[in-house]
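Structural overview for review
Residue-level listing of the chains:
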Amino acid sequence: SVHKEKCLNYLWYHYQFKIVDFVSRLNRLWVVVSFIAISNSSLAQRFEYIEEQQGLPGNTVYSISQDSTGYMWVGTSSGLCRYDGVLFEIFQNSPPPNSVSFVLNDKRGYLWIGNWGKGVSILNQKTEAYLKFNYKGKGYKELSTSRIQCFLEDKYNSIWIGTYDQGLFKAR
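To start, this report covers the structure provided alongside it. As a convention, each chain's residues are numbered from 1 in the sequence order in which they are written. For a predicted model such as this one, the threshold for reporting local features is a pLDDT of at least 70, and the threshold for listing and counting side-chain atom pairs is 80 or more; totals across whole chains, interfaces and linings nevertheless cover every residue. Water and hydrogen atoms play no part in the side-chain values, which are based on all heavy atoms of the structure.

**With respect to the overall build of the chain**
Operational definition: Secondary structure elements are taken from DSSP: a helix is a run of H or I of four residues or more, a strand is a run of E of two residues or more, and numbering for both begins at the N terminus. Buried residues are those whose accessible area, probed at 1.4 Å on protein chains only, stays under 20% of the maximum for their type, while exposed residues exceed 50% and partly exposed ones sit between those limits. Using the Shrake-Rupley algorithm and a 1.4 Å probe, accessible areas are obtained, with residue cover drawn only from the displayed protein chains.
Within the chain one finds one helix and eleven strands. For the chain, the α and β elements follow one another from N to C terminus as α-β-β-β-β-β-β-β-β-β-β-β. Considering the chain as a whole, with its 172 residues, one finds that 32% of them fall into the buried category. Within the structure as shown, the chain displays about 12,200 Å² of accessible surface, and the carbon and sulfur contribution to it stands at 57%.

**Some thoughts on the side chain of Glu51**
Formally: Throughout this description, a polar contact denotes any pair of N or O atoms lying within 3.5 Å of each other; where both atoms belong to protein, one of them has to be capable of donating a hydrogen while the other can accept it, and for residues adjacent in sequence the pair is counted only when both atoms sit in side chains. What makes two residues a contact is simply this: any of their non-hydrogen atoms within 4.5 Å.
With respect to the helices, strands and loops of the structure, Glu51 is situated in the loop between helix H1 (2-43) and strand E1 (61-66). Within the structure, Glu51 has its side chain in polar contact with the side chain of Tyr49 (distance 3.4 Å). Ignoring sequence-local partners within four residues, the contact set of Glu51 consists of Leu56 and Asn59.

**Some remarks on the sheet that holds strand E4 (residues 88-91)**
Condition: Strand pairing is defined by DSSP finding a minimum of two bridges between the two strands. Only the stretch in contact is used when fitting a helix axis, every axis being a line fitted to C-alpha atoms; angles between N-to-C directions are given from 0 to 180 degrees.
Spatially, E1-E2-E3-E4 is the arrangement adopted by the four strands of the open sheet, whose pairing is antiparallel. If you trace the sheet from one side to the other, it starts and ends with E1 and E4, each paired once. For this sheet, the mean angle separating the axes of adjacent strands, direction not counted, is 20 degrees. As paired strands, E1 and strand E2 (residues 72-76) are joined by five bridges and run antiparallel to one another. Residue pairing in the sheet places Ile64 in a bridge with Val74 of E2.

**Side note on the sheet that holds strand E9 (residues 148-153)**
Taking strand neighbours across the sheet as the criterion, the three strands line up as E9-E10-E11 in an open arrangement whose pairing is antiparallel. Among the strands making up the open sheet, the edge pair consists of E9 and strand E11 (168-171). Going across the sheet, the axis of each strand differs from the next one's by a mean of 20 degrees, ignoring polarity.

**Some details on the nonpolar core**
Where we set the bar: What makes a nonpolar core is a set of buried Ala, Val, Leu, Ile, Met, Phe, Trp, Tyr and Cys residues whose side-chain atoms join them at distances within 4.5 Å.
Listed in full, the ten residues of the largest apolar core are Leu104, Trp112, Val120, Ile122, Ile148, Phe151, Ile159, Ile161, Phe169 and Ala171. Breaking this core down by element, the ones donating at least two residues are strand E7 (119-124), E9, strand E10 (159-163) and E11. Residues Phe91, Val103, Leu111 and Tyr130 belong to the second largest nonpolar core, which totals nine residues.

**Section: the packing of aromatic side chains**
The following threshold applies: Classification of ring pairs uses Phe, Tyr and Trp, with its six-membered ring standing for Trp, and accepts pairs whose centres are within 6.5 Å; under 30 degrees between planes counts as stacked, over 60 as edge-to-face, and the remaining range as tilted. In this scheme, the term charge over a ring applies when either NZ of a lysine or CZ of an arginine sits within 6 Å of the ring centre and within 35 degrees of the ring normal.
Throughout the structure, instances matching the rule amount to four aromatic pairs. Seen from their ring centres, Trp73 and Phe91 are 5.2 Å apart, and the 45 degrees between their planes marks the pair as tilted. With Trp73 in strand E2 and Phe91 in strand E4, this residue pair connects regions lying 18 residues apart in the sequence. For the pair shown, Trp73 and Phe91 are each scored as buried. Between the aromatic rings of Tyr83 and Phe88, the centroid separation amounts to 4.2 Å while the plane-to-plane angle is 25 degrees, which identifies the pairing as stacked. Taken as a pair, Tyr83 and Phe88 share a single burial class, namely buried. Through a chain of ring-to-ring contacts, the aromatic side chains of Phe102, Trp112 and Phe151 assemble into a single cluster. Across from the ring centre of Tyr71, 4.5 Å away, lies the NZ or CZ of Arg82, which sits over that ring.

**Things to note about the pairing of E11**
Only one face of E11 is covered, namely the face carrying Phe169 and Ala171; the face carrying Leu168 and Lys170 is uncovered. The pairing of E10 with E11 spans four bridges and is classified as antiparallel. Within the sheet, the bridge partner assigned to Ile159 lies in E11 and is Ala171. Linking E10 to E11, which pair antiparallel, is a turn of four residues; within it Gly167 sits at a positive phi near 80 degrees.

**So, the pattern of salt bridges**
Selection rule: The salt bridge criterion pairs a side-chain nitrogen of Lys or Arg with a carboxyl oxygen of Asp or Glu, the two atoms within 4 Å.
Under the defined criterion, the tally for this structure stands at three salt bridges. Across the pair Glu89 and Arg82 runs a salt bridge whose closest N-O atoms are separated by 2.5 Å. Arg82 gets classed as buried once you look at its relative accessible area, which sits at 12%. The partner of Asp106 in a salt bridge is Arg108, with the nearest N and O atoms 3.4 Å apart.

Have a look at this one:
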């Protein structure tokens, strides 16, 4: 019995860290398996494919933005459109050219429209009237020739405009 106790103490002393490590790894494995099971169940979603046959002006989509009324504004290689969940309304041959690279709905209800090589246009969504945005002044580059990559509205309602070849602009 004394010999058995010494033997158990010896085994415990030499293998306790391996046992603890094994249990720890087993717990981590359980967490990973649980995460994968949960992730797979949440990824099982249905995707609806929307293309030109449903009214989208072009199958190359560069940007999507939702306004405060729920409309989805889509910038494509073939133009700008507004989607209400059922129908597309295409905005053509207005100041924005056919290729729309980025759209942003600002907090004031304006849609900022950027494109590849023609600068920025702004759409008043209430009147559907366009304002051509040219920003050129002392010490500033002309934005109208920029290739627009992205917009961001900050917490002060300034619009940041990222370009491909002329850096960053800030519109106040």
